[in-house]
Amino acid sequence: MTATDEFARLGAPLESSTSPALKFEVLARCSTTKARASRMHLPHYTAHTPMFMPVGTMGTIKGITTGQLERLDCHVILGNTYHLGSQPGPELLEKAGGLHKFMAWNRGLLTDSGGFQMVSLLKLANITEEGVEFENPHDGKLMMLTPEMSIGLQNAIGADIMMQLDDVVSSLTTGPRVEEAMWRSLRWLDRGIKAHKRPTEQNLFPIVQGGLDERLRTLSAQELVKREAPGYAIGGLSGGEAKGSFWRMVSLSTDILPTTKPRYCMGVGYAEDLVVCSALGVDMYDCVFPTRTARFGNALVRTGSLALRQGKYRDDHTPIDPDCDCPTCAQFTRAYLHTSATKETTGCHLITVHNIAFQMRLMRDIRTAIVEDRYPQFVRRFVQTRFGKTVPRWVVEALQSVNIDLTVADESGYSATAVDGDFQKEPNV
């Protein structure tokens, strides 16, 4: 399933940047929106953006081999610093020559800092200027994760891209705590930069913070740009905030971050989010959603999500998606998957394969549409397929901000009405 190079016929980059361990080349731009298609040269692989990165928490995506990931055309996958630091641990990973060799993965790797897990998953997390103090879930002892320790762990893991340790607050938090976290994250970034021992082999991305406050987001992005990092992340979102606030913080950030550097929107994986945020100028995404929802028997399609455990699929002898060329759709029916979804590991595995293939194909289609300068038309067809005539208001308003007005009929006669509600409840049929 490995795709052909959609950039093969393009000439010299429109603009580029070169860092010690990363070269980023913008190859095509949408003439209407902020979308762009780029090539990102990493130490282990050259990735194409916009791209989606599946999440392999413990150095593995549940039920999927690295060989399968390559055949599904994954360019970069994620590892979780907290979990990898606990098991197998930095000493073993260093002996193995890093996570790439340990897990037999020859393409790109990105590791998070571990800070989000400290705050969201663990008991008694206490954030001080020194770092994040937390209760070790294995023995109950208090431990401390500092910016220096996070970078040290990530240096041992050996990922192509590392994330700074940031002071994580909920996107729903308001008041002085948000500003405190934003400035502390900047100080922790500077400590992380000093602690980084492999700058010619690994890239350290800082993270734009500031909650839903435009002033703080602006300050954070402006301060990060001064550090001249190889790339930048947009963090602190996708935490339950209204989608109208979400897209505005994303767009504000991409307006400030350098056009010659990759922009990574953390924790984003719904198809409509990928399409909209690419129009807003984002290059990279990650989320557990496609693989986690597969384990609950949900298969992703352009119209939404199919809950294959439902009885209506018992006698459905069609593939999940007749237009999908993944191994699951080529060999198995919805009826077969209905019998095993959520009950057998085989069903979870097969739906996971399809969902990853779905994300990869969507991103290839996005890149191709940008290269051919027909991204607005692609967006309109995607939205029509996914939502029909009634589209979440945030999608309509976000696209209007980059000159795609869904409320005005196009040459095919399609137009949409904005409706309240952030998420699609049922597939568009």
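Here, every reference points to the structure presented above.
Computed from a prediction, not measured in an experiment: that's the story for all the values here.

Asker: Can you walk me through the overall build of the chain in this structure?
Answerer: Each helix and strand counted, the chain has 16 helices and 20 strands in total. A compact globule built from 429 residues should have a C-alpha radius of gyration of about 22 Å, and the chain, at 21 Å, falls within 12% of that. Viewed in the frame of its principal axes, the chain has a C-alpha envelope of about 55 × 45 × 45 Å. Expressed as a percentage of its 429 residues, the buried residues of the chain come to 57%. For the chain, restricting intrachain contacts to residue pairs at least 6 apart in sequence, the fraction spanning at least 24 positions comes to 67%.

Asker: How do you make sense of the sheet that holds strand β3 (residues 36–41) when you look at a structure like this?
Answerer: In sheet architecture, strand pairing relies on hydrogen bonds along the backbone and comes in two forms, parallel and antiparallel. The four strands are arranged β1-β2-β3-β4 in an open sheet whose pairing can be described as antiparallel. Each edge of the sheet is formed by a strand with only one pairing partner; in this case those strands are β1 (15–19) and β4 (46–49). Here the strands of the sheet are splayed against their neighbours by 15° on average, with no regard to which way each runs. Bridging between strand β2 (residues 22–29) and β3 involves six bridges; their strand directions are antiparallel. Bridge pairing links Phe24 to Met40 in β3. Packed onto the sheet, helix α14 (residues 345–371) meets β2, β3 and β4 and runs at close to 115° relative to β3.

Asker: What am I meant to see in the packing of helix α10 (residues 271–279) against α14 here?
Answerer: Helix-helix packing is described using two parameters, namely the angle between the two axes and the distance between the axes. The interhelical angle for the contact between α10 and α14, taken along N-to-C directions, is 25°, at an axis separation of 11 Å. Taken together, α10 and α14 sit at an angle that is classed as roughly parallel. Once α10 is placed against α14, the crossing between them reads as right-handed. Here Ala271, Leu274, Val275 and Ser278 of α10 come into contact with α14, specifically with Phe358, Gln359, Leu362, Met363 and Ile366.

Asker: How do you make sense of the nonpolar core when you look at a structure like this?
Answerer: General note: in soluble globular proteins, nonpolar side chains tend to be found buried as a group. If you look at the biggest cluster of nonpolar residues, it comprises 97 residues, and the most contacted ones within it are Val250, Tyr285, Tyr375, Val383, Val391, Leu399 and Leu406. Discounting residues that sit within four places of it in the chain, Val383 has contacts with Gly388, Val391, Val395, Leu399, Leu406 and Tyr414.

Asker: I'm lost on the pattern of salt bridges in this one. Help?
Answerer: Applying the stated criterion across every chain, the model contains 29 salt bridges. For the salt bridge of Lys34 with Asp255, the shortest nitrogen-to-oxygen distance reads 2.8 Å. Here Asp255 lies in helix α9 (residues 243–256) and Lys34 lies in the loop between β2 and β3, a separation of 221 residues in the sequence. Residue classification places Lys34 among the partly exposed residues on the basis of a relative accessible area of 24%. Assessed through its relative accessible area of 54%, Asp255 is described here as exposed. The closest approach of N and O atoms between Arg184 and Asp167, which form a salt bridge, is 3.0 Å. Taken together, the residues Arg184 in helix α7 (residues 176–195) and Asp167 in the loop between β11 (161–163) and α7 connect sequence positions 17 residues apart. As far as the burial class goes, Arg184 and Asp167 line up, both buried.

Asker: Explanation requested: unusual backbone geometry in the structure shown.
Answerer: Residues other than glycine predominantly adopt negative phi, and peptide bonds predominantly adopt the trans conformation. Residue Pro50 follows Thr49 across a cis peptide bond; omega there is 5°. Note that Pro50 resides in the loop between β4 and β5 (51–54). Its identity as a non-glycine residue notwithstanding, Asp73 has a phi of 75°, on the positive side. Locating Asp73 in the fold gives a position in the loop between α1 (66–71) and β6 (76–79). Residue classification places Asp73 among the buried residues on the basis of a relative accessible area of 6%.

Asker: What's the story with the sheet that holds strand β15 (residues 263–265) in this structure? I'm lost.
Answerer: Across the sheet, which stays open at both edges, the five strands sit in the order β5-β16-β15-β14-β13 with parallel pairing between neighbours. Since the sheet does not close on itself, it has two edges, and those belong to β5 and β13 (207–208), each with one partner. The pairing of strand β14 (residues 232–234) with β15 spans three bridges and is classified as parallel. Its bridge partner being in β15, Ile234 is matched across the sheet by Cys265.

Asker: Explain the environment of Ala125 here, please?
Answerer: Looking at the element boundaries, Ala125 is found in the loop between α5 (115–120) and β8 (126–127). Between the C-alpha atom of Ala125 and that of Thr259, which follows or precedes it by 134 residues, the distance is 37 Å.

Asker: What's the story with the packing of aromatic side chains in this structure? I'm lost.
Answerer: The description of an aromatic ring pair uses the distance of the two centres, along with the angle that the planes make with each other. Per the counting criterion, the structure on display carries four aromatic pairs. Look at Phe246 and Trp394: their rings are 6.4 Å apart centre to centre, the planes differ by 80°, and that puts the pair in the edge-to-face class. A residue pair is termed long-range when its members are at least 10 positions apart, and Phe246 in helix α9 and Trp394 in helix α16 (residues 393–400) qualify at 148 residues. Exposure remark for Trp394: the relative accessible area of 3% places this residue in the buried category. Pairing Phe332 with Tyr336 gives two aromatic rings, centres 5.1 Å apart and planes at 25°, and the pair type is stacked. Against the face of Phe246 rests Lys243, its NZ or CZ located 4.5 Å from the ring centre. The cationic tip of Lys243 hangs over the ring face of Trp394; the distance from NZ or CZ to the ring centre is 4.8 Å.

Reading guide: rules and limits
Residues numbered from 1 in each chain as written. Predicted model: local features only at pLDDT ≥ 70, side-chain atom pairs only at ≥ 80, totals over all residues. Heavy atoms only, no water. Helix = DSSP H or I, 4+ residues; strand = E, 2+ residues; numbered from the N terminus. Rg over C-alpha atoms; globule rule 2.2 N^0.38 Å. Buried < 20%, exposed > 50% of the residue type's maximum accessible area, 1.4 Å probe, protein only. Contact = heavy atoms within 4.5 Å. Pairing = 2+ DSSP bridges. Axes fitted to C-alpha atoms, helices over the stretch in contact; angles between N-to-C directions. Parallel < 35°, antiparallel > 145°, perpendicular 65-115°, else oblique. Left-handed = near helix turned anticlockwise from the far one by under 90°. Core = buried A, V, L, I, M, F, W, Y, C linked by side-chain atoms within 4.5 Å. Salt bridge = Lys/Arg side-chain N within 4 Å of Asp/Glu carboxyl O. Phe/Tyr/Trp six-rings, centres within 6.5 Å; stacked < 30°, edge-to-face > 60°. Lys NZ or Arg CZ within 6 Å of the ring centre and 35° of its normal.

Any functional reading would require information that these geometric values do not contain.
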